[in-house]
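# A structural walkthrough
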Amino acid sequence: MGLPEADLLACLQVDDEALPELLEIAHDVRRRWCGDEVEVEGIVSVKTGGCPEDCHFCSQSGLFPSPVRAARLDIEQMVQAARETRSTGATEFCIVAAVRGPDEKLLAEVRAGIEAIRADGNDINIACSLGILTASQVAQLVGMGVHRYNHNLETAKSHFPAVVTTHTWEERWATLRLVRGAGIEVCCGGILGMGETIEQRAEFAAQLAALAPHEVPMNFLDPRPGTPFSHLPVMSSGDALRAIATFRLAMPRTILRFAGGRELTLGDLGTRDGLLGGINAVIVGNYLTTLGRSPTEDLALLEELRMPIKALSSTL
Ligand code: SF4
């Protein structure tokens, strides 16, 4: 059990002087409940851009004049991306599509991609992120051997209507329940720095803790040109680190993953602080619409910090 919401709020409000101590406590909690291992994941986008939804942070929405061109990946490119991801030591490969939810064509592509990855002799765990699902689509993913599903709640329930108007927080929650009920691991996080108050940040951490996801990806807003949130300031590195430690103290056992925006918000030094302040998973390579750090930089940092990469056998 993690800290209650009132205590999470207090953590988010610690001053700069107390921040190193907060990070140290979060790091101790992470080591106690999750150990030293770091889970490494790669992601690939099979359908980029042209999404009908209006998530105000997202340059893949077809409703904003954002400079992301619609594109689709073919099976061979998917196999190649999975092979490259596995070669970094990663145990997770997440297939992502910019959609409200998958249609039959997309599900058929994902199925063919997974079969081709397996035929290539690649034993990496496969996750998907394909938006809002029906029960029968969840069953199809189970049949494909998908072991984890990413679907972010994005922000606190009270802030969600200021971020997305084309679907609701409750619709997202319903998909997460279906996924959990089918025995697929739940990956659910969000983006910080989208104009939420500190109280709403604590609310979000408590709501995620109530869901008890297997994994929580933490993103920090990278205000993309052309999106409704393009004017928002980049979150300060101090606030980002406070949030990392707080989310760890909300969810001692979860896989807390650095996802998008960390390079902009935290830089190299902050990446190290995050890994010593509660984070125990990273995405290697490029994110969906922005470039990430080179995998070798991240892997070298893990070696320097003496944090072993989680092996595939220990994730099964
Ligand atoms: S976050 Fe997902 S659902 Fe929302 S606009 Fe972007 S791709 Fe579409």
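Residues numbered from 1 in each chain as written. Predicted model: local features only at pLDDT ≥ 70, side-chain atom pairs only at ≥ 80, totals over all residues. Heavy atoms only, no water.

This part is about the confidence of the model for the protein chain. Averaged over all residues, the pLDDT of the protein chain equals 91, while 95% of them reach at least 70. When mean pLDDT is taken per element in the protein chain, helix α1 (residues 5-12) scores highest with 98 and helix α9 (residues 262-265) scores lowest with 78. Between residues 287-291, whose pLDDT stays under 50, and residues either more than four places distant or in other chains, the model counts 18 contacts. (pLDDT = per-residue confidence, 0-100. Helix = DSSP H or I, 4+ residues; strand = E, 2+ residues; numbered from the N terminus. Contact = heavy atoms within 4.5 Å.)

In the structure shown here, the tally under the stated rule is two aromatic pairs. Seen from their ring centres, W169 and W173 are 5.2 Å apart, and the 15° between their planes marks the pair as stacked. Here W169 and its partner W173 are both found in helix α6 (residues 169-181), four residues apart, which amounts to about one turn of the helix. Using a relative accessible area of 6% as the deciding quantity, one classes W169 as buried. Taking the centre distance of 6.0 Å and the plane angle of 70° together, the rings of F204 and F247 count as edge-to-face. Of this pair, F204 sits in helix α7 (residues 198-211) while F247 sits in helix α8 (residues 237-250), and the two are 43 residues apart along the sequence. (Phe/Tyr/Trp six-rings, centres within 6.5 Å; stacked < 30°, edge-to-face > 60°. Buried < 20%, exposed > 50% of the residue type's maximum accessible area, 1.4 Å probe, protein only.)

Let us now look at the site of the ligand. Neighbouring the ligand are C51, E53, C55, F57, C58, S61, A98 and V99. Classifying every residue of the shell around the ligand by side-chain character gives six nonpolar, one polar and one charged. (Near = heavy atom within 4 Å. Nonpolar A, V, L, I, M, F, W, Y, C, P; charged D, E, K, R; others polar.)

Rolled over the atoms, a probe sized like a water molecule indicates the empty space that remains. The final tally for this structure, using the stated rule, is two cavities of 30 Å³ or more. Reported here for the second largest cavity is a volume of approximately 30 Å³. The wall of the second largest cavity is formed by G189, G190, I191, L192, F204, V216, P217, M218, N219 and F247. Broken down by secondary-structure element, the contributors of at least two residues to the lining of the second largest cavity are β7 (190-192) and β8 (215-220). Considering every element that reaches the lining of the second largest cavity, the biggest residue donor is β8, with four residues. When its residues are assigned to classes, the lining of the second largest cavity shows seven nonpolar, three polar and no charged. (1 Å grid on protein atoms, 1.4 Å probe; cavity = no way out; pocket = protein on both sides within 12 Å on 5 of 7 lines; lining within 4 Å. Points joined across faces, edges and corners; volume = space filled by probe spheres on them.)

On to the nonpolar core. Across soluble globular proteins, you tend to see nonpolar side chains buried next to one another. I95 and L141 are the most contacted members of the largest nonpolar core, which totals 86 residues. Per-element tally for this core: the top contributor is α8, with eight residues. With near-sequence residues (within four places) excluded, I95 lies in contact with V44, V46, M78, V110, I114, I126, A127, C128, S129 and L130. (Core = buried A, V, L, I, M, F, W, Y, C linked by side-chain atoms within 4.5 Å.)

Here we come to the pairing of strand β3 (residues 92-97). Buried residues dominate β3, accounting for six of its six residues. Every second residue of β3 is oriented toward a common face, with E92, C94 and V96 on one face and F93, I95 and A97 on the other, all of them buried. As judged from the five bridges shared by β3 and strand β4 (residues 125-129), these two strands associate in the parallel manner. Bridge pairing in β4 places I95 opposite C128. (Pairing = 2+ DSSP bridges.)

This part is about the layout of surface pockets. There is about 210 Å³ of room inside the second largest pocket. Around the second largest pocket sit M1, G2, W33, A209, A212, P213, H214, A250, M251, P252, R253 and T254, which together line it.

With 13 residues, helix α3 (residues 75-87) extends 18 Å from end C-alpha to end C-alpha; this agrees with the ideal 18 Å at 1.5 Å per step. Turning to α3, its buried residues number three or more, namely M78, V79, A81, A82 and T85. With its buried residues spanning 160° around the axis, α3 presents them on a single face. The elements touched by buried residues of α3 are β1 (39-48), β3 and α4 (104-119). Of the residues that open α3, the one with a side-chain oxygen 3.2 Å from the backbone nitrogen of E76 is D74. (Expected span 1.5 Å × (residues − 1). Arc of directions from axis to C-beta. Polar contact = N/O pair within 3.5 Å; in protein donor to acceptor, adjacent residues only side chain to side chain.)

Next up on the list: the state of the cysteines. Here the structure, examined in full by the defined rule, presents zero disulfides. Unpaired in terms of disulfides, C34 finds its nearest cysteine sulfur in C187, a separation of 14 Å. For C34, a relative accessible area of 22% corresponds to the partly exposed category. In this model C187 remains outside any disulfide bridge; the closest cysteine sulfur is found in C94, 6.8 Å from its own. Classification of C187 by relative accessible area gives buried; the value is 4%. (Disulfide = S-S within 2.5 Å.)

With that out of the way, let us pick up the environment of R306. With respect to the secondary-structure elements, R306 resides in the segment after α11 (295-304). On the basis of relative accessibility, which here comes to 72%, the residue R306 falls in the exposed class.

Tracing the chain through its elements places M218 in strand β8. On the basis of relative accessibility, which here comes to 2%, the residue M218 falls in the buried class. Along the primary structure M218 and I191 are separated by 27 residues, whereas in three dimensions their C-alpha atoms are 6.3 Å apart.

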